[in-house]
Amino acid sequence: MANPTLLILAGDGIGPEVMAEVKRIITWYGDKRDMPFDVTEDLVGGCAYDKHGTPLHDDTMAKAQEVDAVLLGAVGGPAYDDLDFSVKPERGLLRLRKEMDLFSNLRPAQCFDALADFSSLKREIVAGLDIMIVRELTSGVYFGEPRGIHTEGNERVGVNTQRYTESEIARVARSAFELARRRNNRVCSMEKANVMESGVLWRQVVTEVHAKDYADVELSHMYADNGAMQLVRNPKQFDVIVTDNLFGDLLSDAAAMLTGSLGMLPSASLGLPMANGRPKALYEPVHGSAPDITGQGKANPIACILSFAMALRYSFDAGSEADRLEAAVEKVLADGARTADLLGPEGGSPISTTQMGDAILAALDASL
Ligand code: IPM
Ligand code: MG
């Protein structure tokens, strides 16, 4: 059988630095676990704009549609702040999500015990935390029409549209229920049904899908503002949270801080199964391009490495190898390895991006 294929789009800022560590891990799996991947690389975001005048070249888009999984680093940076909206680095990422139809965005927030003191919340609130946010990723206010800035009378008006179809809600709800069955069997759906019609429909459709096919899963509903409050008050009450594109964006950043650092959070964006049975998939860290620390060897590669662990689990049916990689990360953290973002208020001396990669590779070797 042909090797599975990966397209690496390291992107901007710290993207290439953290992805360099992931590439070493991919090589390790080829050498030590007899799992060779065929890897190609290309540009996305600001670097693609610099070369092609667009944040995602059509050829790159076509390649992304063909591979088994896309691994993305980060996009954006201050150099691109003043670009027209249509060619901003973020548009490259949004185009990938939309055209690959990656409707289900899995954002796990797990607090490793060694980091429980690094969260801005008290240890007892976050220790042992393991929740999964399922964010709808291809619709809602990110893509709804009409949109734009126009003039009415003598002033400008900015417009975006929150729009969800039944089928868009139903398919992301299904993916959340399926995940919950493999976890603690609970789903909490979040919207603003008290003020938004799209929220009313969201709640109705989630309830219908549940009654029809997932009555064995415990379902609750929460207004998203209360959800934000509950996430910092008592995050361990949740198992799977399912929510729309914009609320999911906000809630997942809040959830990230529960784990100690935004540098720890991976994500998987999944679509429909391809001809080979694997889902369309893109894996990326939740953190951004971090221009303030770019090129200094300070970036934490763990979120990007854990995103590859998600690829092993969700694209390559290699759950036990994903467990191995996650255990290696947990081990190095327990041993005290800390990039700068993981130093608590008492300080200490951080290791570099590459040294964190070295430590994780050593832990992988030790796992054999
Ligand atoms: C995310 C990011 C993106 C989003 C940006 C970079 C377009 O914040 O993946 O959470 O808003 O979806
Ligand atoms: Mg975000």
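See above for the structure.
Throughout this document, residue positions are counted from 1 along each chain, in the order its sequence is written. Key to labels: chains lettered from A, ligands numbered from 1, both in the order written. For this predicted model, a pLDDT threshold of at least 70 governs which residues receive local features, and a threshold of 80 or more governs which side-chain atom pairs are given and counted, while totals over whole chains, interfaces and linings are taken from all residues. Derived side-chain values reflect all non-hydrogen atoms in the structure, with water molecules and hydrogen atoms excluded from consideration.

K.L.:
So what about the site of ligand 1? Which residues, and what values?
P.N.:
Here a residue counts as near a molecule or strand whenever at least one of its heavy atoms sits within 4 Å of it. Taken together, Glu90, Arg97, Arg107, Arg135, Tyr142 and Asp249 form the complete shell of residues around ligand 1. In protein, a polar contact means a hydrogen-donor-capable atom and an acceptor-capable atom, both N or O and within 3.5 Å, with residues adjacent in sequence counting only if both atoms are side-chain atoms; elsewhere, any N or O pair within 3.5 Å suffices. A distance of 2.8 Å separates an oxygen atom of ligand 1 from a polar side-chain atom of Arg107. Think of a 1 Å grid over just the protein atoms. A cavity is a set of points where a 1.4 Å probe fits yet cannot get out, a pocket is an open set with protein on both sides within 12 Å along at least five of seven lines, and lining residues have an atom within 4 Å of a point. Whether a molecule sits in a cavity or pocket is decided by its atoms, more than half of which must lie within 2 Å of the grid points. Taken atom by atom, the bulk of ligand 1 overlaps the largest pocket. Each residue is assigned to one of three groups, with Ala, Val, Leu, Ile, Met, Phe, Trp, Tyr, Cys and Pro labelled nonpolar, Asp, Glu, Lys and Arg labelled charged, and all others, Gly among them, labelled polar. Among the residues forming the shell around ligand 1, the class breakdown is one nonpolar, no polar and five charged.

K.L.:
I'd love a proper account of helix 9 (residues 245-258), names of residues and values included.
P.N.:
Helix and strand assignments come from DSSP, with helices taken as H or I runs of at least 4 residues and strands as E runs of at least 2, each series counted from the N terminus. Multiplying 1.5 Å by the residue count of a helix minus one yields the expected span of that helix. Helix length check: helix 9 (14 residues) gives 20 Å between terminal C-alpha atoms against 20 Å at 1.5 Å per residue, within 8%. Buried residues of helix 9: Asn245, Phe247, Gly248, Leu251, Ser252, Ala255, Ala256 and Leu258, and no others. Angularly, the buried residues of helix 9 cover 165° about the axis, an arc narrow enough to put them on a single face. The opening residue of helix 9 is Asp244, an N-cap whose side-chain oxygen sits 3.1 Å from the backbone nitrogen of Leu246. Of the residues one or two after helix 9, Gly260 is the one with positive phi, at around 110°. Remark: exposure states derive from per-residue accessible area (1.4 Å probe, protein chains only) relative to the maximum for the residue type, with buried under 20%, exposed over 50%, and partly exposed in between. Regarding the arc, it is the one traced by the directions from the helix axis to the C-beta atoms.

K.L.:
Break down the layout of surface pockets for me, with residues and values.
P.N.:
Grid points are joined across faces, edges and corners, and a volume is the space filled by probe spheres set on the points. Each pocket or cavity is described by its volume, and for the largest pocket that value is around 500 Å³. The wall of the largest pocket is formed by 28 residues, among which Glu90, Leu93, Arg97, Tyr142 and Asp249 lie closest to the centre. For the lining of the largest pocket, the elements supplying multiple residues, two or more each, are strand 3 (69-74), helix 4 (89-99), helix 9 and strand 12 (279-285). The greatest single-element share of the lining of the largest pocket, amounting to five residues, is contributed by helix 4. Split into classes, the residues belonging to the lining of the largest pocket amount to 12 nonpolar, seven polar and nine charged. In this entry, domain limits derive from an automatic or database-based domain assignment. The residues that make up the lining of the largest pocket include at least three from each of domain 1 (1-108 + 262-368) and domain 2 (130-258).

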